[in-house]
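Next come the chains, spelled out residue by residue.
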Amino acid sequence: MTATAPIVLGTLRRDEFRRACALVYDVAGIAMSDGKEGLVSSRLAKRVRELGLRGFPEYLARVERDDAELAEMVDRLTTNKTNFFRERAHFDWLRDRVLPAASGRTLRLWSAGCSSGEEPYTMAMVLHEATGGKPDASILATDISARMLAKGREGLYLPETVADIAPALVQRHFQPARSDAGAERLQVREHLRRMVRFARLNLMEEWPMRGAFDAIFCRNVMIYFDRATQERLVNRFHAMLAPGGYLFIGHSETLHALEHGYAYAAPAVFVRP
Ligand SMILES: C[S@@+](CC[C@H](N)C(=O)[O-])C[C@H]1O[C@@H](n2cnc3c(N)ncnc32)[C@H](O)[C@@H]1O
């Protein structure tokens, strides 16, 4: 019997890389630059092997005729880095400015590009703490990545990921749990999970929900989009905000070169007047 030699895939050829980039840009608005060939190749090679295909040309042909595989490819090429209390000052602003303004009615928040849930759960934690455990808030958490949304819904995190959270908060809002393989995890408790609704949404497509949000967090997402896409997006967010509502962006992002109707409020915080 002859053993089948493992296929060596190497790096995407330049034209293959360009094809993959064009597909990802068309679907998700993500502009992948030259220099990412190695990263893209290794992520896609894994998928090629899983599907038992012979190489990248066969894989790209498949992606081009199969929308589900195209979504899977985009999912695998997204950057999902996030953490609890990332850019902490924004959560102080949420507590001190956004929450009081909604007194007497349900606060509506949107984490657009929520990755594995750390951002919306931080929002939930902050509101829970600030209201003595009686938050009246609904948090919509959306992402293009089905993989990340599944993680968010599960709410299971490695113990080291809660390092940025005060121990008393960890105690109140997480419970010890195990992964399927039996490894130690911490799980977000039910009272926070109830506050967050995860849904798949591609920001480039139609949005089924209606405004008006009190705040939209779209942080460290637009950095992957080109200027025209960013401009369109921040203006669509503007239309989804209540007057006086806030848009939070990442600290390495800017609205500087974009035409928009926001007023500056604080670093990486903008208000719809
Ligand atoms: C780096 S993470 C940011 C997570 C979180 N907002 C934070 O700041 O920690 C960027 C997220 O944006 C999502 N994303 C990228 N393009 C998207 C699109 N077109 N529609 C929706 N989500 C998108 C990715 O899947 C990824 O989870």
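Figured I'd write up the structure that's included with this text. Every value quoted in this text rests on a predicted model; they were computed, and no experiment measured them.

Definitions and limits used
- Residues numbered from 1 in each chain as written.
- Predicted model: local features only at pLDDT ≥ 70, side-chain atom pairs only at ≥ 80, totals over all residues.
- Near = placed C-beta within 6 Å.
- Nonpolar A, V, L, I, M, F, W, Y, C, P; charged D, E, K, R; others polar.
- Axes fitted to C-alpha atoms, helices over the stretch in contact; angles between N-to-C directions.
- Helix = DSSP H or I, 4+ residues; strand = E, 2+ residues; numbered from the N terminus.
- Parallel < 35°, antiparallel > 145°, perpendicular 65-115°, else oblique.
- Contact = placed C-beta atoms within 7 Å.
- Buried ≥ 20, exposed ≤ 12 C-beta atoms within 10 Å, placed from the backbone.
- Arc of directions from axis to C-beta.

### Examining the site of the ligand
Right, so step 1: Around the ligand sit 25 residues in total, of which Thr-78, Thr-82, Gly-113, Ser-115 and Ile-144 are the nearest.
Right, so step 2: Residue composition of the shell around the ligand, by class: 9 nonpolar, 11 polar and 5 charged.

### Concerning the packing of helix H1 (residues 14-28) against helix H4 (residues 67-77)
Right, so step 1: As a packed pair, H1 and H4 sit with axes 10 Å apart at the nearest point and diverge in direction by 95°. In terms of their interaxial angle, H1 and H4 are classed as roughly perpendicular. Note on element contacts: H4 touches H1 through Leu-70, Met-73, Val-74 and Leu-77, opposite Leu-23, Val-24, Val-27 and Ala-28.
Right, so step 2: Broken down by class, the residue content of the contact of H1 with H4 amounts to 8 nonpolar, no polar and no charged.

### Structural notes on H4
Right, so step 1: Every buried residue of H4 is accounted for by Met-73, Val-74 and Leu-77. Burial along H4 is one-sided: seen end-on, the buried residues are contained in an arc of 95°.

### Overview of helix H7 (residues 146-154)
Right, so step 1: Among the residues of H7, Met-148, Leu-149 and Gly-152 are the ones counted as buried. Looking straight down H7, one finds that the buried residues subtend no more than 100° of arc, so they occupy a single side. Along H7, exposed side chains directed more than 90 degrees from the buried face belong to Ala-146 and Ala-150.
Right, so step 2: Looking at the buried positions of H7, the neighbouring elements they touch are strand S2 (137-143) and strand S6 (196-200).
Right, so step 3: Phi for Gly-155, located one or two positions after H7, is positive at around 65°.

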